[in-house]
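Survey of secondary and tertiary structure
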Amino acid sequence: MNYEDDNVESGQAGKSDAEYKADIANREKEVTKALNAGKPQDALSVALADPPIYTKTAAIKDQNATIVLNLLGSFKDKDVETAVETLNDDQLDILMKYVYRGLAVGENSPIFFKWHECVLKKGGAGTIVRVISEKKTV
């Protein structure tokens, strides 16, 4: 993570809004396909891959967040810890960003608190510190 870069919102690899939208549409298809195949953990890995953190366009971030938050909300309480155990540190940090975004919305809070508990258990307090100090949002 590069904390010295003041312009963290500049485009990653020159991605345009249209490219982000195409990525999000593909992500949504892959998440749906994994869920329909009964593989929610695969859907989670896909949903957390390459979030649009470098765009300044709120609608793009909102569209991607909707996919991730709906997926997180669809997990059964008992399956959350198993899903979190399959994630690496970077995925945990991204997931925690979405957990906080889900909690901010205020809907389905119990499942987001469960996600928070499991991410904290695996990733430790460092995950929280990195997420709240990070300038790039989801």
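Analysis parameters
- Throughout, a residue's number is its position along its own chain's written sequence, starting from 1.
- Only residues with pLDDT of 70 or above have their local features reported here, since the model is predicted, and side-chain atom pairs are shown and tallied only from 80 upward, although totals for entire chains, interfaces and linings are computed over all residues.
- Side-chain measures were taken over the full set of non-hydrogen atoms in the model, leaving aside hydrogen atoms and water.
- UniProt positions are given in the numbering used here, feature names are shortened, and annotations may be inferred rather than shown by experiment.
- Put simply, buried Ala, Val, Leu, Ile, Met, Phe, Trp, Tyr and Cys residues joined by side-chain atoms within 4.5 Å make one nonpolar core.
- Relative accessibility under 20% of the residue-type maximum defines a buried residue, over 50% an exposed one, and the middle range a partly exposed one, all with a 1.4 Å probe and only protein chains included.
- Going along the chain from the N terminus, every DSSP run of H or I of four or more residues is numbered as a helix, and every run of E of two or more is numbered as a strand.
- By the convention used here, residues are in contact when the closest approach between their heavy atoms is within 4.5 Å.
- An arc is given here, and it is the one of the directions from the helix axis to the C-beta atoms.
- The term salt bridge refers to a side-chain nitrogen of Lys or Arg lying within 4 Å of a carboxyl oxygen of Asp or Glu.

An unreviewed UniProt entry lists the protein under the name Actin-related protein 2/3 complex subunit 5, with Dictyostelium firmibasis as the source organism. On record in UniProt, under Function (unreviewed entry), the comment for the protein is "Functions as component of the Arp2/3 complex which is involved in regulation of actin polymerization and together with an activating nucleation-promoting factor (NPF) mediates the formation of branched actin networks. Arp2/3 complex plays a critical role in the control of cell morphogenesis via the modulation of cell polarity development." Looking at the protein in UniProt, the text filed under Sequence similarities (unreviewed entry) is "Belongs to the ARPC5 family."

Core analysis: the largest hydrophobic core is formed by 34 residues, its most contacted members being Leu-44, Leu-48, Leu-72, Val-84, Leu-95, Tyr-98 and Trp-115. Only helix H1 (17-36), helix H2 (40-48), helix H3 (58-74), helix H4 (77-85), helix H5 (89-105) and helix H6 (109-123) provide two or more residues apiece to this core. Element by element, the count of residues in this core is highest for H3, at 7 residues. Residues within four places of Tyr-98 in sequence aside, it is in contact with Leu-48, Pro-51, Pro-52, Asn-64, Ala-65, Val-68, Leu-69, Leu-72 and Val-138.

Moving on, we come to H2. Taken together, the buried positions of H2 are Ala-43, Leu-44, Ala-47 and Leu-48. Seen along its axis, H2 keeps its buried residues to an arc of 125°; they face one direction. Its buried side turned inward, H2 meets H1, H3, H4, H5 and H6. Once H2 ends, the next one or two residues include Asp-50, with phi positive near 50°.

A few words now on the pattern of salt bridges. For the coordinates displayed, the defined rule picks out 7 salt bridges. One salt bridge connects Asp-62 with Arg-101, and the closest N-O pair in it is separated by 2.2 Å. Of this pair, Asp-62 sits in helix H3 while Arg-101 sits in helix H5, and the two are 39 residues apart along the sequence. The class for Arg-101 is partly exposed, based on a relative accessible area of 22%. Asp-93 is the partner of Arg-130 in a salt bridge, and the nearest nitrogen-oxygen pair spans 2.7 Å. Of this pair, Arg-130 sits in helix H7 (residues 125-133) while Asp-93 sits in helix H5; the two residues are 37 residues apart in sequence, bridging distant segments of the chain. Several salt bridges converge on common partners, so that one network encompasses Lys-15, Asp-23 and Asp-50.

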